[in-house]
Amino acid sequence: MIVKGILMGMKKTILYDIHESGGAKISPFAGYLMPIQYHGIIAEHLATRNRATVFDTCHMGEFHICGGSALADLENLLSCQVGTMEIGQCRYGFLCNHQGGAVDDQVTYRLGENDFLMVVNAATQETDFKWIKYHLSKATHIEDVSDKTAKIDLQGPQSAKIMQKVMEDRIDDMKFYHFKHNRYKGRQVLVSRTGYTGEIGFEIYCDNEIGIPLWNDCIENGAEPAGLGARDTLRLEMGLPLYGNEISADRNVAESGLLRYIATRKKFIGSPVVLDESKRKYSLVAMFLDDRRTARAHDTLLDAEGEVTGLVTSGSFSPSLGKAIAMGYISKSSSRPGTVVTIRAERYELKGTICKVPLYKGATWRKNLKEFL
Amino acid sequence: MIPDDCKYMETHEWIKIEETLAAVGITDYAQEALGDITFVELPRPGTVVKKGQACSVVESVKAASDIFAPISGEVAEINNSLEDAPEKINEDPHGDGWIFKLKDFDEHELSGLMNAGAYKAFLESQE
């Protein structure tokens, strides 16, 4: 086997030294040297499903967008409805280009009437910022606060108890996809009941200075450190899309099937394409494979007649389910759950069955927080 | 963990002569680098392989890696238990995690492989 070396010239998050001294396996990801795993992807995956883990997501980008026309500007930029969000709510949506593809996928936090925090992917942060800035009216101000903001994800059924021990204010009334300001070591932090794992959990945004003590405190209170490898297998079991794989600039976002994040009663950049149902040729689907061998991104999907009908966008072994799973785009006519597809890799073929998402059915993320305190 | 009774390749396979058979697996360094192994494609018994030929595949959660034959020979035995328990390679790469055994191999080719000391030095030079 061939082991690839680490590339040089990468950025590091404020938690890098902790990862290195903690024995994490470090790899380049989106321009950063990130921990891919601590003790093993499968162990960290199962720790998230059964207990609680912390993930360093400081590499992600955060933009503060405010001013008198911020709401109107975001309605134009985002596929999701923004005006219907309460203050204290967050919402997933696409930043579309004019072709209906995605500049990025993001989560917007409504801090005030015309005051928002937008959380974006690390790899697209710079292009996102330019794109958004270009489309803002003069009365709207945008600041990239990524470099001064640390972000830590605490996820898993035990995360609520840990969170309550670590934070100074109560968290028991926090609803799914809502956030609250809380205090840690006397400093204000923003905590949302969100995440990318399917489990009950939190994303914490704080000043860089308290990122390290917060990380250590979560671990001292029972959370296990986890890397981006487990984050990826966890999101795949939930059928959650990853920018660059399922979501991209040249793929109509409506083909993702995530229609509840696409408003039909407003105009936004890309909406003439996105809202035109005749432009949707493919559907994003999830698949169970017959065995342990995994499909990989770019493998082709064939229908029963052997005709190419789509392609794989993500594939992995599923630690919770004990077999391989995948996501991919397939012709709308072949996308019905239960359909058997052939997956053609470079040197072999695999069989898969299209299934409804989430593939993992035991997720806790939407449950009442009080059950976990 | 680099046993003295094995020979090594730069691609991190080990080979150990057991009388008329030669067992092949991946090194502790390799399993550590790959992470959790989730699937092994075993060669078919009877397959004649040439030194350096890709003859097996080990998949981990994140990657797939070819396993190369350290020397030429015929596949005599395969470790079928890896089909259901590929994690044996992580747990015991030089023991229960062996992948296949060759017979009728070319013993002269062993001299082109690294001994334990040379492999250790090779790993250090890679850091």
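The numbering scheme is per chain: residues are counted from 1 as the chain's sequence reads. Here the convention is simple: chains get letters from A, ligands get numbers from 1, in the order in which they are written. The predicted origin of the model limits local features to residues at a pLDDT of at least 70 and limits the giving and counting of side-chain atom pairs to 80 or more, whereas totals for whole chains, interfaces and linings rest on all residues. Side-chain measures were taken over the full set of non-hydrogen atoms in the model, leaving aside hydrogen atoms and water.

1. Re the packing of aromatic side chains
All names here are of chain A.
- Side-chain rings of Phe, Tyr and Trp (the six-membered ring for Trp) are treated as a pair once their centres are within 6.5 Å; stacked means planes under 30 degrees apart, edge-to-face means over 60, and tilted covers the remaining angles. One pass over the full model with this rule turns up nine aromatic pairs over all chains.
- Ring plane angle 75° and centroid distance 4.9 Å describe the contact between Tyr-92 and Tyr-261, whose orientation is recorded as edge-to-face. Linking Tyr-92 in strand E5 (residues 90-96) with Tyr-261 in the loop between helix H7 (228-237) and helix H8 (271-274), this pair joins segments that are 169 residues apart in sequence. This pair shows no difference in class: Tyr-92 is buried, exactly as Tyr-261 is.
- When the ring of Tyr-109 is compared with that of Tyr-205, the centres are 5.4 Å apart and the planes differ by 80°; the resulting orientation is edge-to-face. In this text, helices come from DSSP runs of H or I with a minimum length of four residues, and strands from runs of E with a minimum of two, each type numbered from the N-terminal end. Relative accessible area decides the class of each residue, using a 1.4 Å probe on protein chains only: under 20% of the type maximum gives buried, over 50% gives exposed, and in between gives partly exposed.

2. Quick notes on the domain arrangement of chain A
All names here are of chain A.
- Domain start and stop positions are those given by an automatic or database domain assignment. Taken domain by domain, chain A holds domain 1 (8-279) and domain 2 (281-355).
- A straight line from the C-alpha centre of domain 1 to that of domain 2 covers 28 Å.
- Here domain 1 packs against domain 2, burying approximately 1,500 Å² in sum over the two surfaces, 57% of which is carbon and sulfur.
- Any Lys or Arg side-chain nitrogen located within 4 Å of an Asp or Glu carboxyl oxygen qualifies as a salt bridge. Linking domain 1 to domain 2 there are zero salt bridges.
- Think of a polar contact as two N or O atoms within 3.5 Å of one another; within protein, one of them needs to be a possible hydrogen donor and the other a possible acceptor, and neighboring residues in sequence only count if both atoms come from side chains. Linking domain 1 with domain 2 are 15 residue pairs in polar contact (both at pLDDT 80 or more), by the criterion used here. Defined here as a combined quantity, buried area equals the accessible surface (1.4 Å probe) lost by two parts on assembly, summed across both.

3. Observations regarding the interface of chain B and chain A
- Facing 27 residues of chain B, the contacting portion of chain A comprises 19 residues.
- Linking chain B with chain A are four salt bridges, by the criterion used here.
- Glu59(B) is the partner of Arg293(A) in a salt bridge, and the nearest nitrogen-oxygen pair spans 3.1 Å.
- For the interface between chain B and chain A, the tally reads 12 residue pairs in polar contact (both at pLDDT 80 or more).
- For the side of chain B that touches chain A, the elements supplying multiple residues, two or more each, are helix H1 (28-34), strand E4 (37-41), strand E6 (54-60) and strand E7 (64-68) of chain B.
- Sort the elements by how many residues they give to the side of chain B that touches chain A and H1(B) lands first, with five residues.
- When grouped by side-chain class, the residues that make up the side of chain B that touches chain A number 11 nonpolar, six polar and 10 charged. By definition, residues are in contact when any of their heavy atoms lie within 4.5 Å. When residues are grouped by polarity, Ala, Val, Leu, Ile, Met, Phe, Trp, Tyr, Cys and Pro land in nonpolar, Asp, Glu, Lys and Arg in charged, and all others, Gly among them, in polar.

4. Notes on the pairing of strand E10 (residues 179-184) of chain A
Residues and elements named next belong to chain A.
- Here E10 pairs with strand E11 (residues 187-192) via six bridges, running antiparallel. Bridging across to E11, Asn-182 finds its partner in Val-189.
- A loop of two residues connects E10 with E11, the two strands running antiparallel in sequence, and Lys-185 in this loop sits at a positive phi of about 50°. Should DSSP find at least two bridges between two strands, the strands are regarded as paired.

5. Considering the sheet that holds E6(B)
All names here are of chain B.
- Pairing is antiparallel in the open sheet, where three strands are placed in the order E4-E6-E7. Of all strands in the sheet, those with a lone pairing partner are E4 and E7, marking the two edges. Strand-to-strand, the axes of this sheet are offset by a mean angle of 25°, without reference to chain direction.
- In the sheet, E4 pairs with E6 via four bridges, with the strands oriented antiparallel. Across the sheet, residue Glu-41 finds its bridge partner in E6, namely Val-57. Interaxial angles span 0 to 180 degrees and are taken between N-to-C directions of axes, which are lines fitted to C-alpha atoms, for helices over the stretch in contact.

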